[in-house]
Amino acid sequence: MDPYNVASDRGRGAARDVSTFQRFSVDTNESLRFEPCEDSPPSPTGAEDGYDDDDDVFKEGETEREIVTTRSRLQGKVAEMENFAGHLEEIFLTVEENFGRQEQHLEQHYNDVLQTLSQRYDERAAGLEEEKKGKLEALYGQLLVCGRALDASKELIETAQEVYRSQDKRLFLKEVDLTLSTRLEFDTPLADMSDVKTMMDSINVVPAPSAPVINPQMPNSASQTSLRVCWSLFSDDTVESYELYYRPVLEDTPADSTLKETHCTVTDLLPNAQYELWVTATNTTGISPASERALYMTVPSPPVIKRRECTSCPEAAMIRWESGNTNPVDSYTVELSETSTDGTAGGVTESIVAVPTCQCLIQLQTGRRYLIAVRAVNIGGPSDKSDVITVSTTGTFFHLLEDTAHPCLSISEDGFTMFYGDEELPISAMALDDTFTRCVAVLGDLIPVRGRHYWEVEVDDGTEFRIGVSYEDTERNSFLGANKTSWCMRHILSPSRHKYEFLHNGWSPDLRITVNPVRIGVALDYERGTLSFFNVALEQHLHTFHCHFQNYVHPCFSLDNPGALTVHNSIEAPEYTFI
């Protein structure tokens, strides 16, 4: 049965029994408001209102839709009220729980104070009783001494009178000592009740809070310039505010911020920086000890893709980038999406996560175009995207490796053309570790993927050259094709003709090429173990090396006299190259 029809039938019955509708809503102050609905239900029969059957059916359907709409609104409002009631219940339970804990805490504190006062009273009463006994004994002794002193004074007075009555008055002044040996003052010690007063005052004083506990950094809780920080308290202390301190690691002066909540977003920070944070709690009594210090990280800056070092082939692409950050990052995420015919990104974006280094070999589909970007990731979260690069899997794509070039060579800005001038360089310019020193050559940055690769080379008729492949560790002080680690096609100019050799380990088969190729195709097939050369203009096969390449090879190019050589790649291999 159709749900809408069921709702309509129920709504039709409600329309017959109820003359007006009431609807309610929850305003911003969370109070209920009921309003009468202005819509009136249709008459039970069309004859009473003067409408025909069609109008009656139309009106009835309209009313049913309004009933369904009103009921939906009521259900939504009921859900809102239930959520609001649940929220109020949570608040009530939280307040009740906090009040219970506080009441228990105050009661415990009150009992402790009463117990301490009782103990202090007993101790002080016993002490006062002992002190009273001692004082009374001392007072009795002083009274005895005082009586003896009075007797001595009486005797002294009598003696003084007798001496005074004598004839020699000087004897009275010489012999009589009028000094009393007894002190006339009494000691009145006071009881020290300061600690009891302090204890009594503490009944109405809130204790200073204990040290807060700052939480470890949560994943994805930061941006490039901000940190989300949270902390908590172990006890039920009363806290009026918190003071959050933070500073970059290895710096001395911290910044601070006063807060009311147990969380904060710290802004205006440096990207990919490590910050030290700690927090204190404050109330009317004082400031708590500082929490333990926690280390937080802001999100890294976007990586920088090295366009000149990115290579591709029909099956894969090698993407290389720089971190762009002073501090190390945890990993990188490579995002790629296939482009449509108009060059815009498609709807699906794939991600390769947890890339540990600054390069990634990505398996792709042949004959497509992709947009690729990289993000740096640490515990704070992922960085913004790097600049996007476009990768095509139509053919093999690579640049010339400038750091392997002979000092006499210069590489064009686009990385595809090499120039050999006729100027001489000093010997000091030749002392470079990874460059060719004897052969004026350079290597290409071929992607390390075992499959089929194809590129073309364009060179003038008057230029002597060597083109082919070699291992990365081929001897830099040797000519291409003169050792076991390189295979090449060589062009030699002679007064009578153009001579071509196909060299490996210094040996070449005896071949004669009648038409000088201006554009040469090079086809490398790892699976078959072949390296082939073609005259592109004539689609003519020139020669094929058969070798099982144990390691990955690099394209290599050499000029034996001044001139220029251009590499054309990202070209779909012709059908005749891998037959």
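Fair warning: this is a prediction, and the values are worked out from it, not measured in the lab. (Residues numbered from 1 in each chain as written. Predicted model: local features only at pLDDT ≥ 70, side-chain atom pairs only at ≥ 80, totals over all residues. Heavy atoms only, no water.)

Asker: Account for the pattern of salt bridges, with residues named and values stated.
Answerer: Evaluation of the coordinates by the stated rule reveals 16 salt bridges. The partner of Glu335 in a salt bridge is Arg375, with the nearest N and O atoms 2.7 Å apart. Residue Glu335 is found in strand 13 (residues 331-339), and its partner Arg375 is found in strand 16 (residues 369-378); the two are separated by 40 residues along the sequence. Among the charged side chains, a network of salt bridges with common partners joins Arg466, Arg490, Lys499, Glu501 and Asp560. (Salt bridge = Lys/Arg side-chain N within 4 Å of Asp/Glu carboxyl O. Helix = DSSP H or I, 4+ residues; strand = E, 2+ residues; numbered from the N terminus.)

Asker: Give a description of the sheet that holds strand 26 (residues 519-525) that names residues and reports values.
Answerer: Ordered by their spatial adjacency, seven strands build an open sheet running 19-20-30-22-26-27-28, and the pairing between neighbours is antiparallel. The open sheet has two free edges, formed respectively by strand 19 (409-411) and strand 28 (540-546), since each of these has just one partner strand. Pairwise comparison of adjacent strand axes, ignoring direction, gives a mean angle of 20 degrees for this sheet. Bridge count between strand 26 and strand 27 (residues 530-535): six bridges; the pairing is antiparallel. Across the sheet, the residue bridging to Ala523 is Ser532, located in strand 27. (Pairing = 2+ DSSP bridges. Axes fitted to C-alpha atoms, helices over the stretch in contact; angles between N-to-C directions.)

Asker: Let's hear about the environment of Ser331: which residues, and what values?
Answerer: Take Ser331: it is sitting in strand 13. Spatially, the C-alpha atom of Ser331 lies 6.7 Å from that of Asn378, the residues being 47 residues apart in sequence. Residues contacting Ser331, with those up to four places away along its chain left out, are Ala354, Val355, Arg375, Ala376 and Val377. (Contact = heavy atoms within 4.5 Å.)

Asker: Give a description of the sheet that holds strand 6 (residues 255-259) that names residues and reports values.
Answerer: Read from one edge to the other, the open sheet built from four strands follows the order 6-5-8-9, with strand pairing classed as antiparallel. Two strands lie at the open edges of the sheet, namely strand 6 and strand 9 (294-297), each paired on one side alone. Neighbour to neighbour, the strand axes of the sheet diverge by 30 degrees on average, direction disregarded. In the sheet, strand 5 (residues 241-248) pairs with strand 6 via five bridges, with the strands oriented antiparallel. Each residue of the ladder has a partner; that of Leu244, found in strand 6, is Ser257.

Asker: Give me the side chain of Ser312: which residues, what numbers.
Answerer: Mapped onto the secondary structure, Ser312 falls in strand 11 (residues 311-312). Of the polar contacts made by the side chain of Ser312, one reaches the backbone oxygen of Ser392; its length is 3.3 Å. Every residue in contact with Ser312, bar those within four places of it in the chain, is listed here: Ala317, Val391, Ser392, Gly395, Thr396, Phe397 and Ile447. (Polar contact = N/O pair within 3.5 Å; in protein donor to acceptor, adjacent residues only side chain to side chain.)

Asker: Break down the pairing of strand 13 for me, with residues and values.
Answerer: Residues in a regular strand project their side chains so that they alternate between the two faces of the sheet. For strand 13, the tally of buried residues reaches eight of nine residues, placing the bulk of the element in the interior. Across eight bridges, the pairing between strand 13 and strand 16 is antiparallel. Counted as the bridge partner of Ser337 is Leu371 from strand 16. (Buried < 20%, exposed > 50% of the residue type's maximum accessible area, 1.4 Å probe, protein only.)

Asker: Account for the packing of aromatic side chains, with residues named and values stated.
Answerer: Under the counting rule described, the total for this entry stands at 12 aromatic pairs. Judged by centre distance (5.1 Å) and plane angle (80 degrees), the rings of Trp487 and Phe549 are edge-to-face. Highlighted residues: Trp487 in strand 24 (residues 486-493) and Phe549 in the loop between strand 28 and strand 29 (553-559), separated in sequence by 62 residues. Per residue, the accessibility class of Trp487 equals that of Phe549, and both read buried. Taken together, a centroid distance of 6.2 Å and an interplanar angle of 75 degrees make the contact between Tyr526 and Phe549 edge-to-face. Taken together, the residues span a long stretch of sequence, with Tyr526 in the loop between strand 26 and strand 27 and Phe549 in the loop between strand 28 and strand 29 at a distance of 23 residues. (Phe/Tyr/Trp six-rings, centres within 6.5 Å; stacked < 30°, edge-to-face > 60°.)

Asker: Got a sec to walk through a negative patch on the surface? Specific residues and values, please.
Answerer: Residues Asp151, Glu155, Glu158 and Glu162 make up a contiguous surface patch of negative charge. Examined against the element boundaries, Glu158 turns out to sit in helix 3 (residues 53-165). Taking the relative accessible area as the measure of exposure, Glu158 reaches 41% and is therefore partly exposed. (Patch = residues over 30% accessible without salt bridge, like charges linked within 9 Å, V, L, I, M, F, W, Y side chains within 5 Å. Areas by Shrake-Rupley, 256 points an atom, 1.4 Å probe, with all protein chains shown as cover. Lys, Arg positive; Asp, Glu negative; His and termini not counted. Charge placed at Lys NZ, Arg CZ, Asp CG, Glu CD.)

Asker: Tell me about the confidence of the model for the protein chain, and name the residues and values.
Answerer: In this model, the protein chain carries a mean pLDDT of 81, and residues with pLDDT of at least 70 account for 80%. Contacts for the low-pLDDT stretch residues 1-51, under 50 throughout, to residues beyond four places or in other chains number 53 contacts. Every residue in residues 426-431 scores below 50 in pLDDT, and together they form four contacts with partners more than four places removed in sequence or on other chains. (pLDDT = per-residue confidence, 0-100.)

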